[in-house]
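Spelled out from the first residue to the last, the chains are:
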Amino acid sequence: MTKLKHVYLVDGSGYIFRAYHALPPLTRPDGKPVGAVLGFTNIMLKFLRETDADHIAVVFDASQRTFRNRIYEAYKAHRPETPEDLVPQFALVREATDAMNVARIEQVDYEADDLIAAYAKAAVKAGATVTIVSSDKDLMQLVSDKVEMFDPIKQKPIGPAEVREKFGVGPEQVIEVQALIGDSVDNVPGVPGIGVKTAAELIGAYGTLENLLQHAEEIKQPKRRQNLIEFAEQARISKKLVTLDADVPLPLPLDDLAVRPLDGKKLGAFLQEQNFRSLLNRLDGQLRAAMGNGAAARDARPAPPSAAPMGPNGAMAVAMPEGLSTAKPVYELVQDLPTLERWIARALGEGAVAVAVETASSDAMRAELLGVSLAIEPGVACYIPVGHRAVVEGLDLGDGAGPAPRQIPRDHAVERLKTLLEDPGVLKVGHNAKFALEVFRRHGIAMAPVDDTLLLSFVLEGGRHGHDLDELAPLHFGHETIKLKDLVGSGKSQIGFAAVPLDRARDYAAEQADYALRLHRLLRPRLVAEHMVSFYETVERPLVPVVAEMERAGILVDRARLSELSTDFGSRMAELEREIYKLAKHEFNLGSPKQLGEVLFDELQLTPGKKMKTGAYGTDASVLEELALEHPLPQRVLDWRQLQKLKSTYADTLVEQINPDTGRIHTSYSLAGAVTGRLSSTDPNLQNIPVRTEEGRKIRRAFVAAPGHVLLSADYSQIELRLAAHVAGVEALKAAFQRGDDIHAMTASEVFGVPMKKMDPTTRRRAKAINFGIIYGISAFGLGRQIQVPQAEAAAYIKAYFERFPGIRDYMERMKQLCRERGYVETIFGRRCAIPGIKDGNHARRTFAERQAINAPLQGSAADIIKRAMARVPPALAKAGLQARMLLQVHDELVFEVPVKETNEVASLVKEVMESAVGPSHVLSVPLVVETGSAQNWEEAH
């Protein structure tokens, strides 16, 4: 028998379900779903590359019914149906296992968990350690000093400590606890009324289930005692169901699990058949040559120097390079001009280079440039320090204190890099390239052309996961990147990046550029395969330099007005506090939800709502809005909170955010935030300034134009309603928009039967609430609360609306069904908005996802349209010889700073560009209308 040291047992059946729900849907050209197969294949290749295991197997369930169904007929009876697009992937996962030369195990009448238990027992007996690749709680009973679990999705080990954290007992007592608590997923009955915490306490006291049941009369809590006595036999059956059978005859001898080399021809053929081109592109060119695929070999990028040699018959001797390589990357520290010139020459020759910048802060308009990293091939990158400082025993000595480490003077490095970064024949790849654009622009470099891997990820997989490099590297390459916090520390011991030793700074910074390049080579080809090239090139990519320039422009604020507002808000808050204390009959901490809850529910005896996990009553805005109908105090608290937020977030903070060099405020826009594609802004957040309250309008008045200029606001009118009429094909609404009717009055007339000439403001307001509420999937309860009518009356309004405009209801149902089938919905331009919660078993989360499915195509299409407009306006202004600058984007509005003499011409041009932003490739059945206004401040211009 072969000497066993480390055995890997992969829970194939469990993993495919987790991969299915964790990864985006993907289909082959023939339509067969393969998303979970790709996830499984990637993780298995990672295991084969990184593990020190000498034996490995993937274990599957052979059938749905096992010996446990003879013990308890209803075992697993309530499991939901397997998703239709997952069923054909089971066979493909088995094919993938065979293609990777890994042993595959299954046995009729037994679950995969039983086989894993049996092989783990046999391996330990043979002197080996075991790693079970699964997060299944049922397998935690096997954990010991010789057996560890590993969660393949979270990439975390599960040992005795993690088992105790989950169950409150060690692995040896897991089945005792499971027998008591049961399992709703597998329909294991357990004992009613006993959860994990209680079960752990009971087993901790009595040791085993049987001992507990024999002493059930001793239990002091009556209901618990009664259930333990009444359901004792049920608990015993449950223990049989959860106990894994480690004595299953082994279908394959342990020797057959020995790790075998990858067979290039077999694996390559499988990957080709599944159309896993990105994965193929990461394989060694020699592997593809071994497959006999000339085209693939011609398309292959040159392998890095550490490429793995091939064994006999096309089998890889060691693991694969490029993104999946175990070879140590080559990162160089560039500390002199000749070395920098060598890197620049090589990048010019390649025609593409990944670029990342390291700075002293995250504010692109103020941050000091500390270094630049370049990557020209996967695993081949450098770091060019230009602003690092002297450090002694970890202490940052600051500027001018002690000799700085050897590095190229910043001005000299910038001068040399300018040639490369401005060369139109060299593509610059960045992750969140906007930040680098702004930093370089402050140093006189106009970097172009640019491709952004953050946006590539967002376009291809928006809504499925985050898009930071730290998240994408593990997801796509199984690689954990160096974390910035590990270099600079935290709290009082935190240092600046300028004080990080150069060798550690090199590894971190070069890795940033390296993995941006790897991501580019992985994701860019997917645009073609997934028909997203046009969308990326016309909507997202052009926005990077446009938004960077918009952020650089910034906007002026009136310091004196902000100071007045701060004083005004403060005095009004004090007045509200006095009113609230008078209503409560005593003072309390308004900022404490617990104390507020005690006042509202214990003292004033208002209708209690739900309690939080802490035991305190919830007092968020929705709760207070309900209570405001019963008592004046909740409304005063809402008013106080609104003023507090505006004072702290804007009136007090905006002055501190004025850039000392420009005298303006420079917000930062996230290009990959909301799944619908909407931009969001931070530092400060200009999207959240309320426009319907007087206080919010006062804040907007503090944003002003420069002398000799005005602020011009250009706002799409009712764009989401117009898009709803278009995509739902509602002829009455389309005709109203084409005629230029008052859409809310028209809706009120249609739904409530009131002639438009006799329309009263209240009826129109209700129709407006319905119009906007419907496209957000509003409920009768929500509408009733908004327009202050009983829920039944609101339900009647919604019913009448759908009867008059059935196309809207049909659209809503169609979007929900499409989303359930595909996991995403699309905008009119093809943006995919993933909504993972559409199949959630929790009713509240599922209905929220359904509302998202209804609104995302509309809000997303509106976002796409304004992005297309933003990309077109600056060149149109430049072509016309106008000096106006685009400063802000807030939802459906663009704000410009315009020389007074250009006001009318700019307003006309911007309106024309925005109204035609859809372009000839997409025809809307309703007109887009843009309303413009200009004034000295933002509020009056809007």
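Residues numbered from 1 in each chain as written. Predicted model: local features only at pLDDT ≥ 70, side-chain atom pairs only at ≥ 80, totals over all residues. Heavy atoms only, no water.

Caption draft 1: View of the sheet that holds strand E8 (residues 352-359). In spatial order, the strands read E7-E10-E9-E8-E13-E14; together these 6 strands make up an open sheet with mixed pairing. Each end of this open sheet is capped by a strand with a single partner; those strands are strand E7 (330-333) and strand E14 (450-452). Looking at each pair of strands side by side, their axes are set apart by 25 degrees on average, direction ignored. For strand E9 (residues 369-377) and strand E10 (residues 380-385), the ladder comprises 6 bridges, and the chain directions are antiparallel. Bridged to Ser 373 within E10 is Tyr 383. (Pairing = 2+ DSSP bridges. Helix = DSSP H or I, 4+ residues; strand = E, 2+ residues; numbered from the N terminus. Axes fitted to C-alpha atoms, helices over the stretch in contact; angles between N-to-C directions.)

Caption draft 2: Structural view of the side chain of Ser 134. Here Ser 134 is to be found in the loop between strand E4 (129-133) and strand E5 (147-151). Ignoring sequence-local partners within four residues, the contact set of Ser 134 consists of Asp 11, Leu 139, Met 149, Phe 150, Asp 151, Pro 152 and Ile 158. (Contact = heavy atoms within 4.5 Å.)

Caption draft 3: Region of the structure containing the pattern of salt bridges. Scanning the entire structure with this criterion turns up 59 salt bridges. Glu 368 is the partner of Arg 410 in a salt bridge, and the nearest nitrogen-oxygen pair spans 2.9 Å. One end of the pair, Arg 410, is in helix H17 (residues 410-421); the other, Glu 368, is in the loop between E8 and E9, and 42 residues separate them in sequence. Here Arg 410 falls in the partly exposed class, since its relative accessible area comes to 22%. Owing to a relative accessible area of 28%, Glu 368 belongs among the partly exposed residues under this scheme. Via salt bridges that share partners, Glu 461, Arg 526, Glu 530, Glu 826 and Arg 832 belong to a single interconnected network. (Salt bridge = Lys/Arg side-chain N within 4 Å of Asp/Glu carboxyl O. Buried < 20%, exposed > 50% of the residue type's maximum accessible area, 1.4 Å probe, protein only.)

Caption draft 4: A look at helix H37 (residues 806-822). Over its 17 residues, H37 runs 24 Å from end to end, which matches the ideal 24 Å to within 8%, given 1.5 Å per residue. What H37 keeps buried is the set Gly 807, Ile 808, Tyr 811, Met 812, Met 815, Lys 816 and Cys 819. On its buried face, H37 sits against helix H31 (719-728), helix H32 (731-739), helix H34 (761-774), helix H36 (791-804), strand E20 (824-826) and helix H38 (843-879). Positive phi shows up at Gly 823, right after H37, with a value of about 85 degrees. (Expected span 1.5 Å × (residues − 1).)

Caption draft 5: Representation of the packing of aromatic side chains. With the rule as written, the count across this model stands at 10 aromatic pairs. Ring plane angle 65 degrees and centroid distance 5.6 Å describe the contact between Tyr 8 and Phe 47, whose orientation is recorded as edge-to-face. Here Phe 47 lies in helix H2 (residues 35-50) and Tyr 8 lies in strand E1 (residues 6-11), a separation of 39 residues in the sequence. As far as burial versus exposure is concerned, Tyr 8 and Phe 47 are alike and both buried. Positioned over the ring face of Phe 60 is Arg 94, at 4.5 Å from the centre of the ring. Of note, Arg 700 hangs over the ring of Trp 938, and the distance from its end group to the ring centre comes to 4.0 Å. (Phe/Tyr/Trp six-rings, centres within 6.5 Å; stacked < 30°, edge-to-face > 60°. Lys NZ or Arg CZ within 6 Å of the ring centre and 35° of its normal.)

Caption draft 6: Geometry of the side chain of His 431. You can see His 431 is positioned in the loop between strand E13 (427-430) and helix H18 (433-441). Owing to a relative accessible area of 19%, His 431 belongs among the buried residues under this scheme. Separated by 3.3 Å, the side chain of His 431 and the backbone nitrogen of Leu 454 make a polar contact. In terms of polar contacts, His 431 uses its side chain to reach the backbone carbonyl oxygen of His 467, at 2.7 Å. Once residues within four sequence positions are removed from consideration, His 431 is found in contact with Asp 452, Thr 453, Leu 454, His 467, Asp 468, Leu 469, Leu 472, Ala 516 and Leu 519. (Polar contact = N/O pair within 3.5 Å; in protein donor to acceptor, adjacent residues only side chain to side chain.)

Caption draft 7: Just the nonpolar core, in detail. Ranked by size, the top nonpolar core spans 188 residues in total, and within it Ile 384, Tyr 716, Ile 808 and Phe 896 carry the most contacts. Ranked by residue count, the leading element in this core is H38, at 13 residues. Residues within four places of Ile 808 in sequence aside, it is in contact with Ala 724, Ala 728, Val 730, Leu 733, Ile 774, Tyr 801 and Phe 802. Membership of the second largest hydrophobic core comes to 54 residues, among which are Ala 122, Met 149, Leu 209 and Ala 235. (Core = buried A, V, L, I, M, F, W, Y, C linked by side-chain atoms within 4.5 Å.)

Caption draft 8: Main features of the sheet that holds strand E2 (residues 55-59). Spatial ordering of the open sheet is given by E3-E2-E1-E4-E5-E6, a layout of 6 strands whose pairing is mixed. In this open sheet, the two edge strands, each paired with only one partner strand, are strand E3 (103-105) and strand E6 (156-158). When the angles between neighbouring strand axes are averaged without regard to direction, this sheet yields 25 degrees. Looking at chain direction, E5 and E6 are connected through 3 bridges and run antiparallel. Within the sheet, the bridge partner assigned to Asp 151 lies in E6 and is Lys 156. Seen against the sheet, H2 touches E1, E2, E4 and E5 and runs at an angle of roughly 165 degrees to E2.

Caption draft 9: Looking closely at the packing of helix H35 (residues 780-787) against H36. At a minimum axis separation of 8 Å, H35 and H36 run at an interaxial angle of 110 degrees. Between H35 and H36, the crossing angle belongs to the class labelled roughly perpendicular. Contacts from Ala 780, Phe 781, Leu 783, Gly 784 and Ile 787 in H35 reach Gln 791, Ala 794, Ala 795, Tyr 797 and Ile 798 in H36. Per-class residue counts for the contact of H35 with H36 are 8 nonpolar, 2 polar and no charged. (Parallel < 35°, antiparallel > 145°, perpendicular 65-115°, else oblique. Nonpolar A, V, L, I, M, F, W, Y, C, P; charged D, E, K, R; others polar.)

In short, geometric facts, not functional conclusions.
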